[in-house]
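Coordinate inspection notes
Below, each chain spelled out in residue letters.
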Amino acid sequence: LDAVRLSTTIRFQSNSSVLDVKSRGDLARLARHVATGALDGKEVVLIGFADDASAFNANLSLSQQRANQIRAEFEGELARVGALGRINVATMGYGDLAPVACNNDSLSNASNRRVEVWVRERL
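Residues numbered from 1 in each chain as written. Predicted model: local features only at pLDDT ≥ 70, side-chain atom pairs only at ≥ 80, totals over all residues. Heavy atoms only, no water.

**With respect to the overall build of the protein chain**
Quick note on the threshold: Labels follow the DSSP assignment, with helices taken as runs of H or I lasting at least four residues and strands as runs of E lasting at least two, numbered in each case from the N terminus. Here's how the labels work: a residue is buried when its accessible area is under 20% of the maximum for its type, exposed when over 50%, partly exposed in between, all with a 1.4 Å probe on protein chains only. Calculation of accessible area relied on Shrake-Rupley with a 1.4 Å probe; when residues are assessed, cover is drawn exclusively from the protein chains displayed.
Of regular secondary structure, the protein chain possesses 3 helices and 4 strands. From first element to last, N terminus to C terminus, the protein chain shows the α and β order β-α-β-α-β-α-β. The buried share among the 123 residues of the protein chain stands at 41%. Roughly 6,300 Å² of accessible area belongs to the protein chain as shown, and the carbon and sulfur atoms make up 51% of that amount.

Okay, structure coming up:
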């Protein structure tokens, strides 16, 4: 993935793909940034991850669901600010690969249940 990771990271409860209030605000800010034209010609890639609490295939599916849910929410924000066609939005799910913390307690698990936002040149 030839891309740059943004600081925006969306977190989830266990076995969930529902956004919290902070995440909604983060997506709204990102949509406003897109509306300025700062990311014209780019593609935003939403990459979902899971903790290791379930089997690999279940985690892979959940991470993709999370990325897809964020895409739907983000595209709604883009439409709201008039920027829906300015960028491409792609999703990927990596399951429990690439944890950012050990999966040995609830705080670490929570860190690994996330969607990261990356930007790359439009393919």
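Past the structure itself, the notes keep going.
**With respect to the nonpolar core**
For soluble globular proteins, nonpolar side chains are generally found buried alongside one another. Selection criterion: Buried Ala, Val, Leu, Ile, Met, Phe, Trp, Tyr and Cys residues form a nonpolar core when they are joined through side-chain atoms within 4.5 Å. Residue contacts follow a heavy-atom distance rule, with two residues in contact if any of their heavy atoms lie within 4.5 Å.
Judged by nonpolar contacts, the single largest core of 19 residues is most densely connected at Val44, Ile70, Phe74, Leu78 and Ile87. Listed by contribution, the elements that provide at least two residues to this core are helix 1 (21-35), strand 2 (42-48), helix 2 (56-80) and strand 4 (114-121). No other element matches the 4 residues that helix 1 contributes to this core. In contact with Ile87, other than residues within four places in its own chain, are Val34, Leu39, Lys42, Val44, Phe74, Leu78 and Arg122. Val45, Ile47, Phe49 and Trp118 belong to the second largest nonpolar core, which has 6 residues in total.

**Quick notes on the packing of aromatic side chains**
To keep it simple, the criterion reads: Planes of paired rings set the category: under 30 degrees apart is stacked, over 60 is edge-to-face and the rest tilted, where pairs are Phe, Tyr or Trp rings (Trp by its six-membered ring) whose centres lie within 6.5 Å. Our definition puts a charge over a ring when NZ of Lys or CZ of Arg is within 6 Å of the ring centre and also within 35 degrees of the ring normal.
Taken as a whole and judged by the stated rule, the model has 1 aromatic pair. With 5.7 Å between their ring centres and 85° between their planes, Phe49 and Tyr94 make a pair best called edge-to-face. Residue Phe49 is located in the loop between strand 2 and helix 2, and its partner Tyr94 is located in the loop between strand 3 (88-93) and helix 3 (106-112); the two are separated by 45 residues in the primary sequence. Since its relative accessible area comes to 31%, Tyr94 is described here as partly exposed. In this arrangement the basic side chain of Arg114 is found over the ring face of Phe49, its NZ or CZ atom lying 3.8 Å from the centre.

**As for the side chain of Asn59**
In this structure, Asn59 sits in helix 2. Look at Asn59 and you get buried, because its relative accessible area is 2%. The residues touching Asn59, leaving out its near neighbours within four places in the chain, are Ala50, Asp51, Asp52, Ala53, Ser54, Gly95 and Asp96.

**Notes on the environment of Asp40**
Worth spelling out the cut-off: Polar contact is the term for a pair of N or O atoms within 3.5 Å; when the atoms are in protein, one must be able to donate a hydrogen and the other to accept it, and sequence-neighboring residues count only if both atoms are side-chain atoms.
Tracing the backbone shows Asp40 in the loop between helix 1 and strand 2. Given the relative accessible area of 37%, Asp40 is considered partly exposed. Through-space distance from the C-alpha of Asp40 to that of Gly85 is 9.6 Å; in sequence the pair is 45 residues apart. Non-local contacts of Asp40, meaning those with residues more than four positions away in its chain, are made with Val34 and Arg86. A polar atom in the side chain of Asp40 sits 2.6 Å from the side chain of Arg86.

**Things to note about the environment of Gly95**
Checked against the element boundaries, Gly95 lands in the loop between strand 3 and helix 3. According to the relative accessible area criterion, Gly95 is buried, its value standing at 0%.

**A few points about the sheet that holds strand 4**
Our working rule: Being paired, for any two strands, means DSSP has found at least two bridges between them. Angles run from 0 to 180 degrees between N-to-C directions of axes, and those axes are lines fitted to C-alpha atoms, restricted for helices to the stretch in contact.
Taking strand neighbours across the sheet as the criterion, the 4 strands line up as 1-4-2-3 in an open arrangement whose pairing is mixed. Looking at the sheet topology across the chains shown, the edges are occupied by strand 1 (4-11) and strand 3. Direction aside, neighbouring strands of the sheet carry axes that sit 25° apart on average. Where strand 2 lies against strand 3, 6 bridges are found, and the strand directions are parallel. Looking at the pairing, Val45 lines up with Ala90 of strand 3. Strands in contact with helix 1 are strand 1 and strand 4; relative to strand 1, the strand with the most contacts, it is inclined by about 150°. In the packing of helix 2 onto the sheet, contacts are made with strand 1, strand 2, strand 3 and strand 4, and the angle to strand 3 comes to roughly 160°.

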